[in-house]
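Reading the structure
Spelled out, the chains give:
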Amino acid sequence: MKSIQISSLAEYKELYQKSVDDPQGFWEEVASHFTWRQKWSHVLKSDFITPDVRWFEGGKFNITENCLDRHIEKNGDTPAILWEGNNPETPSVVLTYKQLLSEVNKCANALKSLGIKKGDRICFYMPMIPQVAVAILACARIGAIHSVVFAGFSANALADRIKDSECKLVICSDYNRRGNKNIPVKEVVDEAIAMGCDSVEKVLVYNATGQSVNWNNDKDIWWENIVPQQNDVCEPEIMDAEDVLFILYTSGSTGKPKGVVHTCGGYMVYTCYTFLNVFQYKPGDVYWCTADVGWITGHSYIIYGPLLSGATSLMFEGVPTYPDSGRFWQVCEKHKVNQFYTAPTAIRALMASGYDEPDKYDLSSLKVIGSVGEPINEEAWNWYYEKIGHKNCPIVDTWWQTETGGILISPLPGITDMKPCFASYPLPGVQPCLVDTNGVELEGNNVEGLLCMKFPWPSILRTTYGDHERCRTTYFSTFNNKYFTGDGARRDEDGRYRIIGRVDDVINVSGHRIGTAEVEDAINQHEHVIESAVVGFPHNIKGQGIYAYVITNGAIGEENAFRKQVLDVVTKEIGPIAKPDAIQIVTQLPKTRSGKIMRRILRKIAEGEFDNFGDTSTLLNPECVEDLKNGALTLN
Ligand code: 7RM
C-alpha cells in the first residue's frame, strides 16, 4: 500500500481479501502511514470480537502531532479549518495548519495552567465555532479526555453527563447563534453545575457574542483572559495507543445514555483511513460535513479524519434554513466545496422547502456527496443525486455508529458501484454479517436479518464509561462472538447492504438517537402522569417522529395545555430534540400477562395501521386496543 487511499476496484478487492486473510498485516500497513514515537508491540491481540480488544498497544504517539505538526513542513499554509458563520455577512475565518497548531498549543498551555492533566475529563458544551476544534485538540494534546455534549441538550442532560464522567472542567461559550436565535449556553452550564456537579472546578468561557452572562468569580474564567497570552509551543503528551481519547454519550434502548469510550491509536488510524477512502479527498479540495461536533460525525469527520489527512475542513456555525433554505448551496458555491456530507433529514427538509432552490447556485465544484445518520429514502436520494450532484457525483451512503468510531459500510466513490438507498459494501477491514434472531448466521445473498460484525476493526468502542459490563451485555453478548449493531439490514443479490433501521427501542429522529425509555422517564416526571409508552413512527422530514401514549391521573384539566406541559418537561429533562410529535392520552396500555407493554401494537397505531397486529393472544387487556385506535392521532 503506497498510500492509504484505494484507487481502483481491483485494489479494493485485493485489499478486502487481504484484510480478511491477514488482518494484522493489513492494519500494520495502514498504521505505518502515521507518526509514532515508538512502534506498537502487537497490532491486535485478539482474534475474535470483544470490547477487550487492544489495537497497536505499546505504540506511543499523540494524535494531535498527527493532525497538526506532521503537516506543517509541507502544508503549513494550507487551510485546516475554514469557518463560515451563522450570518452570511460575517467574514469567513481561515485557520491554516500553522495557525491551528499555534492556537491549539496556546489553549493546551492554558489547560495545563488550570491544573488539567493526562486522564482528566473535560466537558465541552460549545457552539460550532473554531474554538471548539481548538479546545478539543488542545485537550487531546495534553492527554486529557474530552466529553463533548451537544449544545442542544438541556441542563439536566448536561449535568448527568458531567457527573457520570466526573469532569473537572467545562468549556463553553457565552451564547450560541443559530438562525435568528441567540441561545444561552453559559446559563445552561450554570444551571447544570448547580445540580450537584461537584467535580467541576472551573468553567472556561469563550466570549463568542459579547452579551452579558452571570459570573461566578470562583469558578468562571474568560478564555480571552488566559488563552491568547500563552506560549504557542506545547510539547504533546506521549500517549499509548490504548489510552482513552474521548467519551461520547449516546442513547441506547434502556436506561440513561452510555459514555462510549474511544482510544487514541485505533481511532486515529481508522478515521483517517475511512476519510481518505470514502470521500476520495485530494490535496487542495474543500470538504464540508454539516454535522454538529456534539455527535460522532462531527468528531470523526469534521475534526479528526480530515485533519489527520491534511484536508481543509469547512465548519459551519448556522442552520440549513437561515437566512433561507438555499444557505447550504450558497456556502458550497462560495467556498467551492468538493465533498459535501450531510444527513437525510436535512436533504428532505430542503427538498420540501424549495425543490428547485439549488438551481440558483453553482454547485459544479462538488465531486462527492454523502449521507449519514439514518436510512435515506428513494425520493430524497434522487433529489440529492439530481439537484445537488447533477448526476455527476457519486452519493456515499455511509453506515456507522457512535460505537464504531468511523464508517464501516459505504460505497467508495468512483471505485465501487452505487445503488440508491444502499450503504453497499464493507470497507476493507470490516466483516459484517447478518444473523437471525437465534444468532444463526444467514449465508448467501438476498437475505435479511440483524446486522452484526464478526471481526474487530481499530475504532470499535472499548467500553462504556464506568460500566464495562454494560458494554459487554449491550453489544457483545446478544450473539456469540459478534458485535450486534442494533440495526436490521438486507443483503442484495450482489452482496450490497441496505440498512433498514433500528430493531431495538431506539428512535432515530433527524439522525439523532433517542431511547424510548429516556423519553418515557422524562414524561413520567410530570406530576399528573401515571405511565407512558413511547414509540417511533415514520415522519416525512425527520425520518422517525416520537409518538407518546400517556396515562394520566385524570387531574390534568384542558388536554392541550397538558400536552404543552409534557413537551416542556421533556425539553427540560432531555432537550427539544426529544419532544414528542404526538401525545395520545389513554386509559390503558396493551400489556402482556408478564406486564410488558406490547409496543408492536403501539407502533402500528402510531403508523396509522389499525389491523395486522399479529399475535395478541398473550394480551392481558385486549379490550384496550379499540380505545387506542379510536383515540389515535393522524400525523404527517
Ligand atoms: C453516524 C451515526 C447510529 C445509527 C445506526 C443506524 C443509523 C447511521 C446510517 C444509518 C441507515 C445509514 N451514529 N444510521 N447511518 N441508517 N443508513 N447510512 O449516525 O450513533 O448517532 O447513530 O444511525 O440506525 O445504528 S449514531
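Everything below is about the structure printed above this text.
Rules and cut-offs
Residues numbered from 1 in each chain as written. Predicted model: local features only at pLDDT ≥ 70, side-chain atom pairs only at ≥ 80, totals over all residues. Heavy atoms only, no water. Salt bridge = Lys/Arg side-chain N within 4 Å of Asp/Glu carboxyl O. Helix = DSSP H or I, 4+ residues; strand = E, 2+ residues; numbered from the N terminus. Buried < 20%, exposed > 50% of the residue type's maximum accessible area, 1.4 Å probe, protein only. Contact = heavy atoms within 4.5 Å. Polar contact = N/O pair within 3.5 Å; in protein donor to acceptor, adjacent residues only side chain to side chain. Near = heavy atom within 4 Å. Areas by Shrake-Rupley, 256 points an atom, 1.4 Å probe, with all protein chains shown as cover. Nonpolar A, V, L, I, M, F, W, Y, C, P; charged D, E, K, R; others polar. Phe/Tyr/Trp six-rings, centres within 6.5 Å; stacked < 30°, edge-to-face > 60°. Lys NZ or Arg CZ within 6 Å of the ring centre and 35° of its normal. Pairing = 2+ DSSP bridges. Axes fitted to C-alpha atoms, helices over the stretch in contact; angles between N-to-C directions.

Before going further, it helps to examine the pattern of salt bridges. Summed over the entire model, instances satisfying the criterion amount to 41 salt bridges. Between K18 and E29 there is a salt bridge; the shortest N-O distance is 3.2 Å. You can see K18 sitting in helix α1 (residues 9-21) and its partner E29 sitting in helix α2 (residues 23-31), a full 11 residues away along the chain. The salt bridge partner of D494 is R496, with a shortest N-O separation of 3.1 Å. Residue D494 is classed as partly exposed on the basis of its relative accessible area, which comes to 46%.

What follows covers the environment of S459. The residue S459 is located in the loop between β22 (447-453) and β23 (463-464) in this model. On a C-alpha basis, the gap between S459 and K2 in space is 22 Å, while along the polypeptide they are 457 residues apart. Excluding residues that lie within four positions of it along the chain, S459 makes contacts with H262, G266, Y267, Y270, E403, T404, G405 and G406. One polar contact links the side chain of S459 to the main-chain carbonyl oxygen of T404, over a distance of 2.7 Å.

Of all residues adjacent to the ligand, which total 17 residues, the nearest are D397, T398, T402, D487 and R513. In this structure, E374 approaches the ligand through a main-chain N or O atom, which is 3.4 Å from a nitrogen atom. Here D487 contributes a side-chain N or O atom positioned 2.6 Å from an oxygen atom of the ligand. Compared with its free state, where it exposes 530 Å², the ligand has 96% of that area covered by protein. Sorting the residues of the shell around the ligand by element identifies α10 (296-308), β20 (395-398) and β25 (497-502) as the ones contributing at least two each. For the shell around the ligand, the per-class residue count stands at six nonpolar, six polar and five charged.

Per the counting criterion, the structure on display carries 44 aromatic pairs. Consider the rings of F316 and F328, whose centres lie 6.2 Å apart with planes at 75°: the pair is edge-to-face. You can see F316 sitting in strand β17 (residues 312-316) and its partner F328 sitting in helix α11 (residues 327-335), a full 12 residues away along the chain. On the accessibility criterion, F328 (3% relative accessible area) is buried. By way of ring pairs, the aromatic residues F26, W27, W36, W40, W55, F56, F61, Y270 and Y273 are connected into one cluster. Stacked on the ring of F153, the Lys or Arg R161 has its end atom at 4.4 Å from the ring centre. Against the face of F422 rests K419, its NZ or CZ located 4.3 Å from the ring centre.

On the basis of which strands lie adjacent, the open sheet formed by four strands has the order β21-β22-β24-β25 and antiparallel pairing. What marks the edges here is a single partner per strand, and that holds for β21 (432-435) and β25. Taken pair by pair, the neighbouring strands of this sheet meet at an average axis angle of 45°, ignoring direction. By the bridge criterion, six bridges tie β22 to strand β24 (residues 483-491) in an arrangement that is antiparallel. Along β24, the bridge assignment pairs E448 with R490.

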